[in-house]
Amino acid sequence: MPTTASRNRKARLKLSLSVQYAAKAPLLPTRSQVRRWVAAAVRGDVEITVRFVDEAEGLALNRDFRGKDYATNVLSFAYETNPLRGDVVICVPVLLREAEQEGKSVAAHCAHLIVHGVLHLQGYDHETEEEARVMEAREGEILIRLGYSDPYAAATGAG
């Protein structure tokens, strides 16, 4: 349960959020859902754009910025750190495919991807086992607080 101090700190944070729907699909989250997920994952003042894209745009971004010739589920682009400014890009067809394959609701999987992307903007990574352990633990904490299950619980035997 958050303390009064933590609620007051959150109330003072400035969250500037733009949500762009460049790809359409049923069950995409509302702007208020996206705002709730981003707010749960950030610390400090932020200016973030969350963009939902189709497979062609997702592939082009992943190829051009990461050298990977496939559309990935989430990409993060950090531009400034203080205050935090960046973009989180969600590839809708990959989101929908993965949610179905993993037996999760689209909302639960989208919340996970947005939290994951926002943590990347704040410097979290998963290149090493230790980095992955720290990032996954943080994701799990946030998602549980949001009312979703820990996506890594099955892999760790927790939950």
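Sequence positions are assigned chain by chain, starting from 1 and proceeding in written order. Under the rules for a predicted model, residues below a pLDDT of 70 receive no local features and side-chain atom pairs below 80 are neither given nor counted, while totals for whole chains, interfaces and linings still include all residues. Heavy atoms throughout the structure, all of them, feed into the side-chain values; hydrogens and water do not.

(A) How the structure looks around the overall build of the protein. Along the backbone of the protein there are 7 helices and 4 strands. Counting helices and strands in the order they occur from the N terminus, the protein gives α-β-α-β-α-β-β-α-α-α-α. A separation of at least 24 residues holds for 58% of the contacts in the protein among residues at least 6 apart in sequence. The method behind every accessible area is Shrake-Rupley, applied with a 1.4 Å probe, and residues are considered shielded solely by the protein chains displayed. As presented, the protein carries roughly 8900 Å² of accessible surface, and 51% of it is formed by carbon and sulfur atoms. Each helix corresponds to a stretch of at least 4 residues labelled H or I by DSSP, and each strand to a stretch of at least 2 residues labelled E; elements are numbered beginning at the N terminus. We call two residues in contact when some of their heavy atoms are within 4.5 Å.

(B) Quick look at the side chain of H116. Tracing the chain through its elements places H116 in helix 5 (residues 106–121). Here's how the labels work: a residue is buried when its accessible area is under 20% of the maximum for its type, exposed when over 50%, partly exposed in between, all with a 1.4 Å probe on protein chains only. On the basis of relative accessible area, H116 is assigned to the buried category, the value being 12%. Any N or O atom pair separated by 3.5 Å or less is treated as a polar contact, with the protein-specific requirement of one donor-capable and one acceptor-capable atom, and with residues adjacent in sequence counted only for side-chain atom pairs. Within the structure, H116 has its side chain in polar contact with the side chain of H126 (distance 3.3 Å).

(C) Local environment of the sheet that holds strand 4 (residues 84–91). In this scheme, strands are said to pair when DSSP sees at least two bridges between them. Taken in spatial order, the 4 strands line up as 1-2-4-3 in an open sheet, and their pairing is mixed. A single partner strand is all that each edge strand has here, and the edge strands are strand 1 (15–21) and strand 3 (74–81). Adjacent strand axes in the sheet meet at a mean angle of 10°, parallel and antiparallel pairs treated alike. To define axes, lines are fitted to C-alpha atoms, for helices over the stretch in contact only, and angles between the resulting N-to-C directions are given on a 0 to 180 degree scale. Running over the sheet, helix 2 (residues 31–41) touches strand 1 and strand 2 (46–53) and is turned about 135° from strand 1.

(D) Structural context of the pairing of strand 3. Examined bridge by bridge, strand 3 and strand 4 share 7 bridges and lie antiparallel to one another. Bridge pairing in strand 4 places F77 opposite D87. Following strand 3, the chain reverses through 2 residues before pairing antiparallel with strand 4.

(E) Looking closely at the packing of helix 5 against helix 6 (residues 129–145). Between helix 5 and helix 6, whose axes approach to 10 Å, the crossing angle comes to 130°. With respect to each other, helix 5 and helix 6 are oriented oblique. Like other packed secondary-structure pairs, helix 5 and helix 6 cross with a definite hand, here right-handed. Only M135, R138, E139, I142 and L143 of helix 6 make contact with helix 5, whose side of the interface consists of A111, H112, V115, H116, L119 and H120. Three classes are used, and their members are as follows: Ala, Val, Leu, Ile, Met, Phe, Trp, Tyr, Cys and Pro are nonpolar, Asp, Glu, Lys and Arg are charged, and the others, Gly among them, are polar. Across the contact of helix 5 with helix 6, the residue classes break down as 6 nonpolar, 3 polar and 2 charged. For this classification, under 35 degrees means roughly parallel, over 145 means roughly antiparallel, 65 to 115 means roughly perpendicular, and everything else is oblique. The crossing is said to be left-handed when, going from far helix to near helix, the turn is anticlockwise and less than a right angle, and right-handed when the turn is clockwise.

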